Amino acid sequence: MKRAIQTKISFDNFKRPRESILASSSTVNVSDRTPVQLPSTPALPPAPVGEEAVSEGDAASPPTAKDAGTTSDEDVNYDINNDWPDLWTAKQKEDFKCKNPWLGSKNKKMGCLVCSSVNSIGINKEQGVSLSREWMNFEIQVSGQGSRTTSLSVLRNKVRKHALSKAHTQAVNVAEQQDKAAIENAMEVMTESYMKETEAVFRTAYHIAKKNRPFSDHESLIELQELNGLKMGTILHSRYSATQIIQHVASEMQSKIVSNIIASSSKLAVLIDEASSLSHKAVMTVSIKASIQEESPEFIFIELVELENQRADGIEQALLTCLTNAGFTEEWLHENWVTFVSDGASVMLGKKSGVATRLTSRFPKLFVWHCMNHRLELAVSDAVDEVNSVNHFKTFIQKLYSVYSMSNKNERELKNAAAEVGSQLLRIGRILDVRWVASSFRTVRAVWTSLGALVQHFKNACCDETRSTKDRQMYRGLLDRVQSPEFICDLGLMYDTLHELSLLSQELQSRSITLLRAEHLLKRSIRVIQSFKESPGEKYSEALEAKKTGEYRSTTLKTMAKLRSINPGQFLQSLVNNLEKRLSFEDETIKDLSILDQSKWPSKPSIRHGEEQIKRLCKRFNLCTDQALNGMRDLLEQPTSEPKDLKPLMNCMKTFPVSTAECERNFSLMNNISSDKRAVLLISNISNLMMININGPPTSKFDPRKYTRTWLKSHRAASSVRSRQCSVKTPAESRSVWNIL
């Protein structure tokens, strides 16, 4: 039997259980004003048997399908008022109506509506059980022989026998299953239509978050897609909806990530750093490093937290609250939180009441690590302070930066001078300031590369009569400095040294670097810098050669007696000493971890080599000792293998971050999001955008259905008709030229 679902139910009703929808009132408000009546099940006619109403003992009430008598006009055209057998009275028909709703009639003959509609009991069929053709084809009748009482009795027995038959019972079950499947299929079709429109809206909001676009772009993007023929629903088109959708997606992402980490008991590293937003609010970025699905550990952004105060107790409380809200319990953190990494600010690493000290008193096994990139900067800063001549060089480079960064005219003239002499021109920045050492190297390289253009510009400025005498004298002094062999030698020395330190700094910023690899790179860089004392680097050798010849790249060099050149031996030795002092790897845990470095093994290690170190590491970081020892022995026997039993300890070692470069990347993204025009963004909204931008997959791989399903539990779909509909905004201005364009 065909069952057409002709009622359009509001999608908001899908938030309730299906049973409550079917049992609800027959009037469903599809809109705020128009009530629509649900089609009710047509009542079946009475089927009394006998001269008087048949009692329950005479005819048993058969199993019935709730909607077994529900048929459309095109299915069965039975006149149930006129086609019943003549031997029944009207009272008998009415009384029997409620007891046997499955009975039907056609041409004064009786049949079963359920069996007729089912037609076959399918896989439920048992041996010797089949539907009666007479009941299916409405051929049940009473012979004309005998009295009326006898005929009624015969008919009553036929009805009772069919009602109690296995075939009829199974037909009722099949009808119920078909009705349920029809409703579910109709709901699935409606749900799929609603879901696609909601998913399209979600994908649009996700694109805005990934591309750092303002929330106000959401409405215009929706309008564009509708103009292209896509169905985008009627609501969730405003910037407020985009904000809520992005918040929901970010929250679900964080929940999924944290749940996976907790379920797998992955070891956890926490990195924090503080800064000020463009709106002058103190914020702290919280990132973690952990293994996802037992793969190699990776960095994950958790939240951008607004700080109520920047004292150690306030930062500690904000951090623990952030971890708790994300889903990490204190018991789980005691078992799996292995390391805490931050910069060297006193509020973070203060020995008496710093954040690290407070955390270790609460989590005794926590390993605290000072960012190696910050320690590298401190070592370079110490060396600069010890060698005064380096400060003179730094001051002169800062002067060059000021000349060209504060005057568009000077920058334009420098470009013309570079074109005049055919010299390459690079941007000159600051040197040895708050930026990391790689930035200082780029500035030194820019000066080295653009030296010819600088000389030509200073010469032109010295002879420019439009400038004041003071300015011309300034440019004369700058020219004398850049043409001196002392400056060329200092520039070459700083080029070679900062180049080596820049390579080290960039390696330490890598997301995949481990502590063992960082220690190896540090010691190698120290050896390279020490070698510069005996064998000068490439650029410094070129500068020494220019000093001997008195000419560098067609520029005649003139000695400045007052200029004090940098002492290479003193500067290099000071740099080496401070690197060894600041970037020490003398911690006991680091020494134990070094047992995993095969380059430090003896030529023929014992089968029990590193056993004590493995035991201490497993005890500190709550790992299985026997499993780790077995994996270590497998590695000793086959050094080229990757033992499965050693993987938990190896992943724990890889979890240790080397630097807080990830936090610096987070702040760079924060500044890109919170631009001058978006400075009023709430910190929570910035955090949601950062969560999607950093952790979310590309838009092409984003599956919005995972998030729309959870959204619809407490929000409305894009096609909901119970909400105020979004109207298309027409331009306030209308120009006649548009008519021809």
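Residues numbered from 1 in each chain as written. Predicted model: local features only at pLDDT ≥ 70, side-chain atom pairs only at ≥ 80, totals over all residues. Heavy atoms only, no water.

The name given to the chain in an unreviewed UniProt entry is E3 SUMO-protein ligase KIAA1586-like, with the source organism recorded as Gadus morhua.

(A) Highlighting the overall build of the chain. Helix and strand content of the chain: 29 helices and eleven strands. For the chain, the proportion of its 741 residues judged to be buried stands at 48%. Sequence separation of at least 24 residues holds for 74% of the intrachain contacts in the chain that already meet a minimum separation of 6. For the chain, the accessible area works out to roughly 38,400 Å², and carbon and sulfur atoms hold 47% of it. (Helix = DSSP H or I, 4+ residues; strand = E, 2+ residues; numbered from the N terminus. Buried < 20%, exposed > 50% of the residue type's maximum accessible area, 1.4 Å probe, protein only. Contact = heavy atoms within 4.5 Å. Areas by Shrake-Rupley, 256 points an atom, 1.4 Å probe, with all protein chains shown as cover.)

(B) Quick look at the state of the cysteines. All chains considered together, the criterion is met by zero disulfides. Between Cys115, a free cysteine, and Cys112, which holds the nearest cysteine sulfur, the sulfur-to-sulfur gap is 3.5 Å. (Disulfide = S-S within 2.5 Å.)

(C) Up close: the pattern of salt bridges. Enumeration according to the criterion identifies 17 salt bridges in this entry. Two residues, Arg358 and Glu316, come together in a salt bridge whose shortest N-O distance is 3.8 Å. Of this pair, Arg358 sits in helix α12 (residues 355-362) while Glu316 sits in helix α9 (residues 312-326), placing them 42 residues apart in sequence. Exposure remark for Arg358: the relative accessible area of 31% places this residue in the partly exposed category. When the shortest N-O distance is used, the salt bridge between Arg608 and Glu611 registers 2.9 Å. Under the relative-accessibility criterion, Arg608 is labelled exposed at 54%. Residues participating in the shared-partner salt-bridge network are Arg608, Glu611, Lys615 and Arg633. (Salt bridge = Lys/Arg side-chain N within 4 Å of Asp/Glu carboxyl O.)

(D) Focus on helix α15 (residues 408-421). Helix length check: α15, at 14 residues, gives a terminal C-alpha distance of 20 Å against a target of 20 Å (1.5 Å per residue), a fit within 8%. Listing the buried residues of α15 in full gives Asn410, Leu414, Ala417 and Ala418. Each buried residue of α15 lies within a common arc of 100 degrees when the element is viewed along its axis, so the set occupies one face. Facing away from the buried side of α15 by over 90 degrees, the exposed positions are Asn408, Ala419 and Glu420. (Expected span 1.5 Å × (residues − 1). Arc of directions from axis to C-beta.)

(E) Region of the structure containing the environment of Val387. By the secondary structure assignment, Val387 is in the loop between α13 (372-386) and α14 (388-405). Residue class for Val387 comes out buried when judged on its relative accessible area of 1%. Here the alpha-carbon distance between Val387 and Leu572, two residues 185 residues apart in the chain, equals 9.9 Å. Other than its neighbours up to four places away in sequence, Val387 contacts Gln570, Phe571 and Ser574.

(F) Structural view of the packing of helix α19 (residues 485-508) against helix α21 (residues 538-549). Packing of α19 against α21 leaves a shortest axis separation of 7 Å and a crossing angle of 170 degrees. Considering their axes alone, α19 and α21 lie roughly antiparallel with respect to each other. As for how α19 packs across α21, the hand of that crossing is left-handed. The residues of α21 that touch α19, namely those facing Pro485, Ile488, Cys489, Gly492, Leu493, Tyr495 and Asp496, are Glu538, Lys539, Tyr540, Ala543, Leu544 and Lys547. Among the residues making up the contact of α19 with α21, the classes are represented as eight nonpolar, one polar and four charged. (Axes fitted to C-alpha atoms, helices over the stretch in contact; angles between N-to-C directions. Parallel < 35°, antiparallel > 145°, perpendicular 65-115°, else oblique. Left-handed = near helix turned anticlockwise from the far one by under 90°. Nonpolar A, V, L, I, M, F, W, Y, C, P; charged D, E, K, R; others polar.)

(G) Highlighting the packing of aromatic side chains. For the structure shown, the criterion picks out 16 aromatic pairs. Look at Tyr206 and Phe702: their rings are 3.8 Å apart centre to centre, the planes differ by 5 degrees, and that puts the pair in the stacked class. Of this pair, Tyr206 sits in helix α6 (residues 166-210) while Phe702 sits in the loop between α28 (683-695) and α29 (705-711), and the two are 496 residues apart along the sequence. Both residues of the pair, Tyr206 and Phe702, count as buried. Site record: aromatic cluster; members linked through ring pairs are Phe367, Trp369, Phe585, Phe621 and Phe656. One Lys or Arg, Arg375, reaches over the ring of Trp369 and ends 4.8 Å from the middle of that ring. Geometry around Tyr495 places Lys539 over its ring, the cationic atom sitting 5.2 Å from the centre. (Phe/Tyr/Trp six-rings, centres within 6.5 Å; stacked < 30°, edge-to-face > 60°. Lys NZ or Arg CZ within 6 Å of the ring centre and 35° of its normal.)

(H) Main features of the side chain of Asp343. With respect to the helices and strands, the residue Asp343 is situated in the loop between β8 (337-342) and α11 (346-349). From its side chain, Asp343 meets the backbone nitrogen of Ala345 in a polar contact 3.4 Å long. For Asp343, the contacting residues outside a window of four places in its chain are Asp273, Met348, Leu349, His370, Cys371, His374 and Thr660. (Polar contact = N/O pair within 3.5 Å; in protein donor to acceptor, adjacent residues only side chain to side chain.)

(I) Structural context of a positive patch on the surface. On the surface, Arg430, Arg435, Arg442 and Arg445 cluster together into a positively charged patch. Note that Arg435 resides in the loop between α15 and α16 (437-449). The class for Arg435 is exposed, based on a relative accessible area of 52%. (Patch = residues over 30% accessible without salt bridge, like charges linked within 9 Å, V, L, I, M, F, W, Y side chains within 5 Å. Lys, Arg positive; Asp, Glu negative; His and termini not counted. Charge placed at Lys NZ, Arg CZ, Asp CG, Glu CD.)

(J) Spatial organisation of the side chain of Thr589. Counting through the fold element by element, Thr589 comes out in helix α23 (residues 588-593). Accessibility expressed as a relative area gives 4% for Thr589, which makes it buried. Dropping the residues within four chain positions of it, Thr589 is found in contact with Phe367, Leu617, Arg620 and Phe621.

(K) A look at the pairing of strand β3 (residues 103-106). The pairing of β3 with strand β4 (residues 109-112) spans four bridges and is classified as antiparallel. Note that in β4 the partner of Leu103 across the bridge is Cys112. (Pairing = 2+ DSSP bridges.)

(L) Seen up close, helix α26 (residues 647-655). Among the residues making up α26, those that are buried are Leu649, Asn651, Cys652, Met653 and Thr655. Buried positions along α26 lie against β5 (268-276), β6 (282-290), β8, α20 (515-534), α23 and α24 (611-621).

(M) View of unusual backbone geometry. Of note, the phi angle at Ser265 is positive, near 55 degrees, even though the residue is not glycine. Tracing the backbone shows Ser265 in the loop between α8 (239-264) and β5. The exposure class of Ser265 is partly exposed, given its relative accessible area of 40%. Within the chain, Arg553 stands out as a residue other than glycine whose phi angle is a positive 55 degrees. Relative to the helices and strands, Arg553 is located in the loop between β10 (551-552) and β11 (555-556). The partly exposed category is assigned to Arg553, whose relative accessible area is 44%.

(N) Expanded view of a nonpolar patch on the surface. Side chains of Val737, Trp738, Ile740 and Leu741 sit close together on the surface and give an oily, nonpolar patch of about 470 Å² of accessible area. Along the chain, the position of Trp738 falls in the segment after α29. The class for Trp738 is partly exposed, based on a relative accessible area of 42%.

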